Amino acid sequence: MSLKGKTAVVTGSNSGIGLGVARALAEAGADVVLNSFTDNEEDHALAAELGKEFGVNARYIKADMSKGAECRALIAQAGTCDILVNNAGIQHVAPIDEFPEEKWDAIIAINMNSSFHCTAAALPMMRKAGWGRVINIASAHGLRASPFKSAYVTAKHGVVGMTKVIGLETAKEPITCNAICPGYVLTPLVEAQIPDTAKEYGISEDEAIEKVILLKQPSKEFVTVEQIGGIALFLCSDAASQITGTTISADGGWTSQ
Ligand code: NAD
């Protein structure tokens, strides 16, 4: 499948899943816009390398996904957006009565509200182009809960709900909206949770991986960013044209339980 002539905006894509999805879309020929809240030389170099590797137009645009106006400005600056991947996300692990208010606000803003703002800004562009794909990177935590992750679980359930509404609102148009719900993918976000999880449970980091993090993932294997990229690519294909307003799990069996 070729995505030549399409532009993909991937929020939070200077590392992890976002970068993996951007790579998969660029490999299929899409022009890509990478994003994060930083504005380092490495961020722009990453886009330049991607563009060179796959022969596509790749840009990096700084925008803080915790701020609605910056979310909308990202899409406006991109100029066109055929494929929107709402991926930016952060995590904080703490019991609810000790959960810092600023962490709660940041997680709700980055992991949930940014999907609303970016989608609202991108849909008119998709309508004008006569084709569009909104791909929300939710989580198994959009379908199931775990202790100590109140803000994350709330935000991801919100994203799954928003996905259904966007799917319904665009159902009669050549636009789809779906959420990918990964189990644990070994990215910087998960690596950063290992010490916190070990501390919460009073166990070693190795035990935290085996007994807590992958406890609910029956395959006992981390999902890869390439696999998430492949699912995003499938959602852009004609075969996926009637898949909308729903979730695709890639969680090694987690949500079968
Ligand atoms: P990551 O930390 O590698 O990537 C997160 C990205 O978001 C980074 O590029 C970071 O720069 C960006 N980001 C953070 N705050 C931002 C802000 N204010 N504005 C713009 N960008 C910002 O983590 P990841 O694991 O690749 O996570 C990506 C998405 O996948 C998240 O939404 C996460 O919840 C989801 N997810 C991850 C896993 C997993 O196991 N890693 C599982 C399910 C869902």
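Draft legend 1. Geometry of the pairing of strand β1 (residues 7-10). Because side chains alternate across β1, one face comprises the buried residues Thr-7 and Val-9, and the other comprises Ala-8 and Val-10, equally buried. When β1 meets strand β2 (residues 31-36), the two strands line up parallel, connected through 3 bridges. Of the residues in β2, the one forming a bridge with Ala-8 is Val-32. In the classification by handedness, the crossover that spans β1, the intervening helix α1 (residues 16-27) and the parallel β2 is right-handed. Summarising the sheet, β1 and strand β4 (residues 83-86) pair through 3 bridges and their orientation is parallel. Residue Ala-8 lies in a different strand from β4, and its bridge partner there is Ile-83.

Draft legend 2. The arrangement of empty space enclosed by the protein in detail. The tally for this structure, following the rule as stated, stands at 1 cavity of 30 Å³ or more. In this structure, the largest cavity encloses a volume near 40 Å³. Of all the secondary-structure elements, those providing two or more residues to the lining of the largest cavity are α4 (101-129) and β5 (132-137). Counting residues per element, the lining of the largest cavity draws most heavily on α4, at 4 residues. Of the residues contributing to the lining of the largest cavity, the split by class is 4 nonpolar, 6 polar and no charged.

Draft legend 3. Here's a closer look at unusual backbone geometry. Backbone geometry at Phe-148 places phi at a positive 75°, although glycine is not the residue there. Assignment of secondary structure puts Phe-148 in the loop between β5 and α5 (150-169). Its identity is not glycine, yet Lys-220 carries a phi of approximately 60°, on the positive side. Looking at the element boundaries, Lys-220 is found in the loop between α7 (205-213) and α8 (225-235).

Draft legend 4. Main features of the domain arrangement of the chain. Entries for the chain in the domain assignment read domain 1 (7-185 + 223-249) and domain 2 (186-222). The straight-line distance from the C-alpha centre of domain 1 to that of domain 2 is 24 Å. Listed as interface residues are 20 residues of domain 1 and, on the opposing side, 15 residues of domain 2. The largest share of the area that domain 1 buries against domain 2 comes from Val-93, Tyr-184 and Val-185, three residues that together contribute 44% of it. In this structure, the connection of domain 1 to domain 2 is made through 0 salt bridges. Inspection of the domain 1/domain 2 interface yields 5 residue pairs in polar contact (both at pLDDT 80 or more).

Draft legend 5. Spotlight on the site of the ligand. Taken together, 31 residues surround the ligand, and among them Asn-14, Ser-36, Tyr-152, Val-185 and Thr-187 come closest. A distance of 2.8 Å separates an oxygen atom of the ligand from a polar atom in the backbone of Ile-17. Asp-64 has a polar side-chain atom sitting 2.8 Å from a nitrogen atom of the ligand. Contact with the protein chains hides 93% of the accessible area of the ligand, taken as 820 Å² for the molecule alone. Here the ligand occupies the largest pocket. When contributions to the shell around the ligand are tallied by element, the ones reaching two or more residues are α1, β2, α5 and α6 (188-201). Ranked by the residues each element gives to the shell around the ligand, the list is headed by α6, at 3 residues. The class makeup of the residues in the shell around the ligand is 16 nonpolar, 13 polar and 2 charged.

Cut-offs and rules
- Residues numbered from 1 in each chain as written.
- Predicted model: local features only at pLDDT ≥ 70, side-chain atom pairs only at ≥ 80, totals over all residues.
- Heavy atoms only, no water.
- Buried < 20%, exposed > 50% of the residue type's maximum accessible area, 1.4 Å probe, protein only.
- Helix = DSSP H or I, 4+ residues; strand = E, 2+ residues; numbered from the N terminus.
- Pairing = 2+ DSSP bridges.
- Right-handed = clockwise from strand over helix to strand, strands pointing away.
- 1 Å grid on protein atoms, 1.4 Å probe; cavity = no way out; pocket = protein on both sides within 12 Å on 5 of 7 lines; lining within 4 Å.
- Points joined across faces, edges and corners; volume = space filled by probe spheres on them.
- Nonpolar A, V, L, I, M, F, W, Y, C, P; charged D, E, K, R; others polar.
- Domains from an automatic or database assignment.
- Contact = heavy atoms within 4.5 Å.
- Buried area = accessible area lost by both parts, 1.4 Å probe.
- Salt bridge = Lys/Arg side-chain N within 4 Å of Asp/Glu carboxyl O.
- Polar contact = N/O pair within 3.5 Å; in protein donor to acceptor, adjacent residues only side chain to side chain.
- Near = heavy atom within 4 Å.
- Areas by Shrake-Rupley, 256 points an atom, 1.4 Å probe, with all protein chains shown as cover.
- Sits in = over half its atoms within 2 Å of the grid points.

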